[in-house]
Amino acid sequence: MKKEDISIGILTSGGDCAGMNPAIKKFVDYCFDMKVQPYLIYDGLEGLIDGKIKKAKHSDVAGIIHEGGTRLRSSRSKRFFELKYRKQAYENLLNYGIDKLVILGGDGSFRALKQFHDDFGVSFVGIPATIDNDIFGTDYCLGVDTALNMIRFATDAVRDTSASFRRGCVIETMGRNCGYLALVSAATCGAEVCIIPELEYDLDSLCAKLRKQLEEGRLYIVVVVAEGTKKTAKLVKWLEKEVGIETRATILGHTQRGGNPTVYDRLMATEFVVHALDKLLSSQAKEGLVVVYKDALFQFVSIDYVNSQKFQIKQELLDLASKMTK
Ligand code: F6P
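Summary of the structure given here. (Residues numbered from 1 in each chain as written. Predicted model: local features only at pLDDT ≥ 70, side-chain atom pairs only at ≥ 80, totals over all residues. Heavy atoms only, no water.)

Some points on the overall build of the protein
Now for step 1: The helix and strand tally for the protein stands at eleven helices and eleven strands.
Now for step 2: Projected onto the principal axes, the alpha-carbon positions of the protein cover approximately 75 × 40 × 35 Å.
Now for step 3: Counting every position in the protein, which comprises 326 residues, the buried fraction comes to 54%.
Now for step 4: Contacts in the protein between residues far apart in sequence, at least 24 positions, make up 76% of those at least 6 positions apart.
Now for step 5: When the accessible surface of the protein is totalled, it reaches about 14,500 Å², and 51% of it is carbon and sulfur. (Helix = DSSP H or I, 4+ residues; strand = E, 2+ residues; numbered from the N terminus. Buried < 20%, exposed > 50% of the residue type's maximum accessible area, 1.4 Å probe, protein only. Contact = heavy atoms within 4.5 Å. Areas by Shrake-Rupley, 256 points an atom, 1.4 Å probe, with all protein chains shown as cover.)

What to know about the packing of helix 3 (residues 83-96) against helix 4 (residues 107-120)
Now for step 1: With their axes 11 Å apart at the nearest point, helix 3 and helix 4 run at an angle of 70° to one another. When the axis of helix 3 is compared with that of helix 4, the two are roughly perpendicular. Of the residues in helix 4, those in contact with Leu83, Arg86, Lys87, Ala89, Tyr90 and Leu93 of helix 3 are Gln115, Phe116, Asp119 and Phe120.
Now for step 2: Looking at side-chain class alone, the contact of helix 3 with helix 4 contains six nonpolar, one polar and three charged residues. (Axes fitted to C-alpha atoms, helices over the stretch in contact; angles between N-to-C directions. Parallel < 35°, antiparallel > 145°, perpendicular 65-115°, else oblique. Nonpolar A, V, L, I, M, F, W, Y, C, P; charged D, E, K, R; others polar.)

Focus on the pattern of salt bridges
Now for step 1: Summed over the entire model, instances satisfying the criterion amount to 21 salt bridges.
Now for step 2: Between Asp118 and Lys114 there is a salt bridge, with the nearest N and O atoms lying 2.8 Å from each other. Placement of the pair is Asp118 and Lys114 together in helix 4, with a separation of four residues, close to one helical turn.
Now for step 3: Between Glu192 and Arg218 there is a salt bridge, and its shortest N-O distance comes to 3.3 Å. (Salt bridge = Lys/Arg side-chain N within 4 Å of Asp/Glu carboxyl O.)

Purely geometric stuff here, so don't read any function into it on its own.
Shown next as structure tokens:
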């Protein structure tokens, strides 16, 4: 097939994250540079089923590089797990003459894609994009740096007011069942306590240590907890009743998903997309791949590989929390 005859679609799926817009922009710009036709697919896999597909123009992506979220919008599609809707999605691709796809999303999206690839052999490259940083096979998922910076900003601010009032604060981060966001935030924001699903903790020994520090003049206590532990309310009670410090909880929630992408996420968006497109344009095989960032290198792995195991936080990072758990 000649390059001019190739059409490539892009969509964003699952939880949105900062970095998706710079990726969409780079996708369109690079497709035009490579003289292939880019298509935009709106509303994620739901939009693929419903044929919300548009031939891209430069003007569709002008002025979006600094915006959080995704201009293509997103969805968590239940219908896509049913064969009849995947078939409808495939027929839409055929109708528009789209040969290949670039898909930004998290593990749920990658599971759906594996099914799509098994059914119809559509050639695609997935780009790991989720603030949770919980995709097996990659050290980095797009959006994580921006989310960490949102958490840093909020935690620094909450610490200011906590110190002014001699209070404890329990900061709950997102991350689903993965403690990565909480762990890195606790380590980089100077938290006293870090509670994540991956690590055991000892509240009695933490309590003794913190009480002593309060007696010696400590003004505040910062606890960072991952949402996956479901321990936020319990920790507030523990600080008030056992440690003996008035405490407030701050659930950061969806603030972590928004905000302007950091420089790092803009750069990673560019790199992920360029690698994905170069691969799609150089390969004739109808492969289902994911471009991962592993050991500081961009590499390609199969969608089966990414779905084959659960992501685990590196031991060196877990070690950072050792003093914050006991
Ligand atoms: O996967 C990204 C994420 O933000 C998780 O951290 C969080 O648990 C979940 O999505 C929230 O989902 P929703 O936006 O559907 O409430």
